[in-house]
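Here is what each chain is made of, one letter per residue.
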Amino acid sequence: SETAAINTNIVTLTRFLTEEQTKHKEATGDFTLLCHALQFSFKAISHYIRRATLVNLTGLAGQSNATGDDQKKLDVIGNDLFIAAMRSSGKCALLVSEEEEEVIYFKDQGGARYAVACDPIDGSSNLDAGVSVGTIFGIHKLEDGSMGTKEDILKPGSELLAAGFTMYGASAQLVITMRGGTVNGFTLDNSFGEFILTHPDMRIPKARAIYSVNEGNSHYWEDNTKEYFSALKLPQGSGKPYSARYIGSMVADAYRTLLYGGIFAYPADKKSPKGKLRILYECAPMAMVFENAGGQAVDSKMNRMLDVVPEHIHDRSGIFLGSYDEVEKVKQFHK
Ligand code: AHG
Ligand code: MN
Ligand code: MN
Ligand code: MN
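What you see is a predicted model; the values in this text were computed from it and never measured.

Undergrad: What should I look at first to understand the overall build of the chain in this one?
TA: When helices and strands are tallied, the chain shows eight helices and 17 strands. A globule of 335 residues ought to have a C-alpha radius of gyration of about 20 Å, and the chain, at 20 Å, matches this closely. Principal axes of the C-alpha set define a box for the chain whose edges measure 60 × 55 × 45 Å. Put simply, the chain has 335 residues, and 53% of those count as buried. When contacts within the chain are restricted to residue pairs at least 6 apart in sequence, long-range pairs at least 24 apart make up 63% of them. Accessible surface, the chain as shown: approximately 14800 Å² in total, 51% of it carbon and sulfur. For the chain, the distance from the average site of its 35 positive side-chain charges to the average site of its 41 negative ones is 4 Å.

Below is the structure:
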């Protein structure tokens, strides 16, 4: 019958967060309120990205950021939207953003107990071509007694309280995980203005013959990295070589890898000895998502990504991220 087709028990992100909160007896509700502010920023960024070409929001903002990237107009708007959402939540003590050279301290926040790292628009070089981009975030809880200092966020990813990202693709897809928890995916239903649980308990396939790397850097790769990727190009046990997929937005390459399996890599190389991707708001949050989904994430020295401690807020790292067995293969070539 028609009614059977209607799901009347819709799990929105708002409901999901409420249900999660009830699992923690000591919860104050502050984390839930912080996540409500987060989800609003994703809805707002999604709105402006989808209208960018209509309202002249594509193109460069005319300045560059602390990591040397030329800022796009949407980098700046996404950053401003995110900062406003965090400040007005009253629950964020300090914020690190790719687009801010220094830590932003929200001084007038009484009991704020969270430190947030974010990449407001990831993959922004793809924006003018209408290719999927995203927002990446990581949430740390302040040390007891801390009023919020840089040390509260210069932590290994293993201490993240929560992490995730939103990819602005055919739909806006939000993926979020808590330390030691499952990975859950939500799809923005624009008619409700709500993120709806569509991918409960995401698990990355154990292996998949797909690799995702910018081959344009291969001249600068270390020999063991060259050998690893060359090996993937030979016919495997299946009789076929790996398939190559590279979008150039980490969030989109990561989301595909999370769903289909395979390996994503941005290796450190002779051109970028420390790698390109930033630890606090790209590598660590993604590493937590992938580990909680049954995958792995390591840096170019094969250290577990979640054990890496950044010295400065914009520190970079090489990264291999993906299916459990695929990262094992990376280790075989790089040990
Ligand atoms: P951002 O747009 O936030 O600066 O990040 C861009 C990153 C990441 O999204 C992507 O994986 C990588 O840059 C692509 O780098 P290349 O263009 O060098 O492949
Ligand atoms: Mn950038
Ligand atoms: Mn990025
Ligand atoms: Mn960015």
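Let us keep going from here.
Undergrad: Even after reading the chapter, I still don't get the coordination of the manganese ion (ligand 4), so can you show me in this structure?
TA: Put simply, the ideal angle at a metal is 109.5 degrees for four donors in tetrahedral geometry and 90 or 180 degrees for six donors in octahedral geometry. Of the protein atoms, only Glu-98 (OE), Asp-119 (OD) and Ile-121 (O) coordinate the manganese ion (ligand 4), at distances of 2.0 to 2.2 Å. If you list the donors of the manganese ion (ligand 4) from N- to C-terminus, the spacing comes out as E-x20-D-x1-I. In this structure the manganese ion (ligand 2) is found 3.7 Å away from the manganese ion (ligand 4), and Glu-98 serves as a bridging donor for the pair. One end of the pair, Glu-98, is in the loop between β3 (92-97) and β4 (104-105); the other, Asp-119, is in strand β5 (residues 114-122), with 21 residues separating them in the sequence. The exposure classification of Glu-98 matches that of Asp-119, with both residues buried.

Undergrad: Just to check I follow, could you spell out the coordination of the manganese ion (ligand 3) for this structure?
TA: Distances from the manganese ion (ligand 3) to its protein donors, namely Asp-119 (OD), Asp-122 (OD) and Glu-282 (OE), fall within the range 1.9 to 2.0 Å. Between consecutive donors of the manganese ion (ligand 3), the numbers of intervening residues give the motif D-x2-D-x159-E. In this structure, the manganese ion (ligand 3) lies 5.5 Å from the manganese ion (ligand 2). Assessed through its relative accessible area of 4%, Asp-122 is described here as buried.

Undergrad: Is there a simple way to think about the pattern of salt bridges in this case?
TA: Where charged atoms of side chains with opposite charge meet at close range, the side chains can pair. This structure, assessed with the given rule, holds 15 salt bridges. Glu-98 is paired through a salt bridge with Arg-278; the nearest N and O atoms lie 3.3 Å apart. Here Glu-98 is found in the loop between β3 and β4, whereas its partner Arg-278 is found in strand β14 (residues 277-278), with 180 residues between them in sequence. The residues Glu-98 and Arg-278 share a single accessibility class, namely buried. The residue Asp-325 makes a salt bridge to Lys-206 at a minimum N-O spacing of 2.8 Å. You can see Asp-325 sitting in helix α8 (residues 324-334) and its partner Lys-206 sitting in the loop between β10 (194-199) and β11 (210-212), a full 119 residues away along the chain. Owing to a relative accessible area of 31%, Asp-325 belongs among the partly exposed residues under this scheme. Taking the relative accessible area as the measure of exposure, Lys-206 reaches 54% and is therefore exposed.

Undergrad: Please explain unusual backbone geometry as it appears in this structure.
TA: For residues besides glycine, phi is generally negative; the peptide bonds are generally trans as well. The backbone of Asp-201 sits at a positive phi, close to 50 degrees, despite the residue not being glycine. Residue position: Asp-201 is located in the loop between β10 and β11. In this model, Met-302 sits at a positive phi of 70 degrees, which is unusual for a non-glycine residue. Inspection of the secondary structure assignment puts Met-302 in the loop between β15 (296-298) and β16 (316-317). Take Met-302: its relative accessible area is 16%, and that puts it in the buried class.

Cut-offs applied
Residues numbered from 1 in each chain as written. Chains lettered and ligands numbered in written order. Predicted model: local features only at pLDDT ≥ 70, side-chain atom pairs only at ≥ 80, totals over all residues. Heavy atoms only, no water. Helix = DSSP H or I, 4+ residues; strand = E, 2+ residues; numbered from the N terminus. Rg over C-alpha atoms; globule rule 2.2 N^0.38 Å. Buried < 20%, exposed > 50% of the residue type's maximum accessible area, 1.4 Å probe, protein only. Contact = heavy atoms within 4.5 Å. Areas by Shrake-Rupley, 256 points an atom, 1.4 Å probe, with all protein chains shown as cover. Lys, Arg positive; Asp, Glu negative; His and termini not counted. Charge placed at Lys NZ, Arg CZ, Asp CG, Glu CD. Donors = N, O, S within 2.8 Å, 3.2 Å for Na, K, Ca; no water. Salt bridge = Lys/Arg side-chain N within 4 Å of Asp/Glu carboxyl O.

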